[in-house]
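The chain contents come next:
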Amino acid sequence: MMKKRKRDVRLGTSCCCHPGTGSPALPPEWMGMGRRAGLSYPGAERLPPPLSALHLLLLLILLLTLWGDTVYCQQHAQCHIQKCTTDFVSLTSHLNTGSDSFDSEFCKALRAYAACTQRTSKACRGNLVYHSAVLGISDLMSQRNCSKDGPTSSTNPDFTSDACNYHNRATERILRSGEHTQPNYLFCGLFGDPHLRTFQDHFQTCKVEGAWPLIDNNYLSVQVTNVPVVPGSSATATNKITIIFKAFQDCTDQKVYQAVTDDLPAAFVDGTTSGGDSDSKTLRIIERVGGKHVEMHARYIGTTVIVRQLGNYLTLAVRMPEELAMAYEESQDLQLCVNGCPTSERIDDGGHLHLPVTVSNTHDQSTVQAASVYTLESAIEKCLEKIQVKHIYFYSCVFDLLTTGDANFTAAAFSAWEDVETLHPRKERWQIFPNKGSCSNTRSLPALVFGLAGLLLFFL
């Protein structure tokens, strides 16, 4: 019984607890750097995961001690490590891991971070948070092959120098207003037959046969066309995607991109691969895998779009600033990424997928022929090869295999999860667990962890 409790706490912590709780002086926005960054904050990898209620209690006591140490240092010796960290987060939170300039910009920010820690080193002597940050900076510079000498990012840049950079425009506006926030980004994804993750992180499975608008605002339009995948089933999958980047001031003319099954071009419909002038390239297409994976980066609206082909169908993932995603007229309210699928088009039950009955369990073998390839057990085993955590992407994989018998849907679910890790701005929201049904054991983990934390805080 004790071993089982230890596993539950560890799994719940990795899925549900907010990353970065190892240092209360560090802001949660650090997680905005995406999957490639790989660290929640410098030195975080040195904290061992909690193994039991006793370990959690000891960890909380340690955190309170560190917090008191930091407060004392800030009040009496002017240790400014928190400001150094906040400035670093501000310089890196907008960086896109898929862009060519990511490494150079990240190294500039690291050098600025290191310089800031050096300026406050005397005041922070004996501060454990400070020393953890210094070690973390050194590790990150080694991992990114950053030279110690070189240009550094400015914490007070001239934003007006690049009017076709959304993040610069938004940050300039925020600073002028006297606020200390960062632009908020949203994520939407569509994959499988088909599974939709909305801008509000609602997860739905829909039929939506035919052409449907995913996004339709003043800056971007995305339309998908879905076709049935198996006779006798209401499930569909995407075989066509049309994306319109609308004209924007002096940054780019309107550009249209279209992909269909077996034709995933690395260019817009007009044959170009970028928008804007030849130097700035405020809109461009990058081919990651020929005919299988392309990315579109629209710097002028802070938006990234990923399109893939897996098997005979397409997947899509979009990251976009909230203020732009919500800029649309009343007549444009039918957007799956914004409002989800209409109730009449839903296949799931409040996020729970009713697994289809395989042919081996029914007398009618004239329908859903392909589904006879997998039983529930073999579908679970196949999906576990790619997705080890049983969140909603895992169960979507199982659902798709039982529905279609097509193993390409396993790769589609895994790639969709990779796109979440790459584009979704908030790591604590990456994983979604169904509310009921076959996931009942998994869904109790968040409540278990938060309940345990609350109990420990009560006794403290």
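Read on for a plain summary of the structure. None of these values were measured; they are calculated from a predicted model.

As a rule of thumb, non-glycine residues mostly have phi less than zero, and peptide bonds are mostly trans rather than cis. Even without a glycine there, the phi angle at Asp201 is positive, about 65°. In this fold, Asp201 is placed in the loop between strand E2 (195-197) and strand E3 (203-205). Despite not being glycine, Gln249 shows a phi value in the positive range, around 40°. With respect to the secondary-structure elements, Gln249 resides in the loop between strand E6 (236-245) and strand E7 (255-260). Assessed through its relative accessible area of 66%, Gln249 is described here as exposed.

Moving on to the sheet that holds strand E12 (residues 313-321). The eight strands are arranged E3-E2-E1-E12-E11-E10-E9-E8 in an open sheet whose pairing can be described as antiparallel. Lying at the two open borders of the sheet, with one neighbouring strand each, are E3 and strand E8 (274-275). With six bridges joining them, strand E1 (residues 185-191) and E12 adopt antiparallel strand pairing. Counted as the bridge partner of Phe187 is Arg319 from E12. Set on the sheet, helix H11 (residues 408-423) makes contact with E1, E2, strand E11 (303-310) and E12; between it and E11 the angle comes to about 165°.

Our focus in this paragraph is the nonpolar core. In globular proteins that are soluble, nonpolar side chains generally tend to be buried together. Core analysis: the biggest nonpolar cluster contains 45 residues, and Leu214, Ile243, Phe245 and Val307 have the highest contact counts within it. Setting aside its immediate chain neighbours within four residues, Leu214 contacts Leu190, Leu196, Val222, Gln223, Val224, Leu316, Gln335, Leu336, Cys337 and Val338. Of all hydrophobic cores here, the second largest spans 24 residues; its members include Phe191, Ala317, Leu423 and Trp430.

Residues that lie three or four places apart on an α-helix share one face, since the helix turns once every 3.6 residues. Between the first and last C-alpha of helix H5 (residues 128-143) there are 23 Å, a value that for 16 residues agrees with the 22 Å anticipated at 1.5 Å per step. Among the residues of H5, Val129, Tyr130, Ala133, Gly136, Ile137, Leu140 and Met141 are the ones counted as buried. Projected down its long axis, H5 carries its buried residues within an arc of 135°, all on one side. Those residues of H5 that are exposed and aimed more than 90 degrees away from the buried face are Leu128, Ser142 and Gln143. Of the residues flanking the start of H5, the one acting as N-cap is Asn127, its side-chain oxygen 2.9 Å from the backbone nitrogen of Val129. Downstream of H5 by a residue or two, Asn145 has a phi angle that is positive, lying close to 55°.

A few words now on the state of the cysteines. On inspection of all chains with the given rule, the structure shows seven disulfides. A sulfur-sulfur separation of 2.0 Å characterises the disulfide bridge that pairs Cys107 with Cys146. Its S-S torsion of about -70° marks the bond between Cys107 and Cys146 as left-handed, since a negative value means left-handed. Placement of the pair is Cys107 in helix H4 (residues 102-119) and Cys146 in the loop between H5 and helix H6 (166-176), with a sequence separation of 39 residues.

On a regular strand, one side chain projects to one face of the sheet and the next to the other, so that they alternate. Counted residue by residue, strand E10 (residues 293-298) has six buried out of six residues, so it is predominantly covered. Every second residue of E10 is oriented toward a common face, with His293, Glu295 and His297 on one face and Val294, Met296 and Ala298 on the other, all of them buried. Where strand E9 (residues 283-289) meets E10, six bridges bridge the pair, whose relative direction is antiparallel. Directly across from Glu287, in E10, lies its bridge partner Val294. In this antiparallel pair of consecutive strands, E9 and E10, the connection spans three residues, and Gly291 shows a positive phi of 75°. Sheet topology note: the E10/E11 ladder contains six bridges and is antiparallel. Of the residues in E11, the one forming a bridge with Met296 is Val305.

Analysis parameters
- Residues numbered from 1 in each chain as written.
- Predicted model: local features only at pLDDT ≥ 70, side-chain atom pairs only at ≥ 80, totals over all residues.
- Heavy atoms only, no water.
- Helix = DSSP H or I, 4+ residues; strand = E, 2+ residues; numbered from the N terminus.
- Buried < 20%, exposed > 50% of the residue type's maximum accessible area, 1.4 Å probe, protein only.
- Pairing = 2+ DSSP bridges.
- Contact = heavy atoms within 4.5 Å.
- Axes fitted to C-alpha atoms, helices over the stretch in contact; angles between N-to-C directions.
- Core = buried A, V, L, I, M, F, W, Y, C linked by side-chain atoms within 4.5 Å.
- Expected span 1.5 Å × (residues − 1).
- Arc of directions from axis to C-beta.
- Polar contact = N/O pair within 3.5 Å; in protein donor to acceptor, adjacent residues only side chain to side chain.
- Disulfide = S-S within 2.5 Å.

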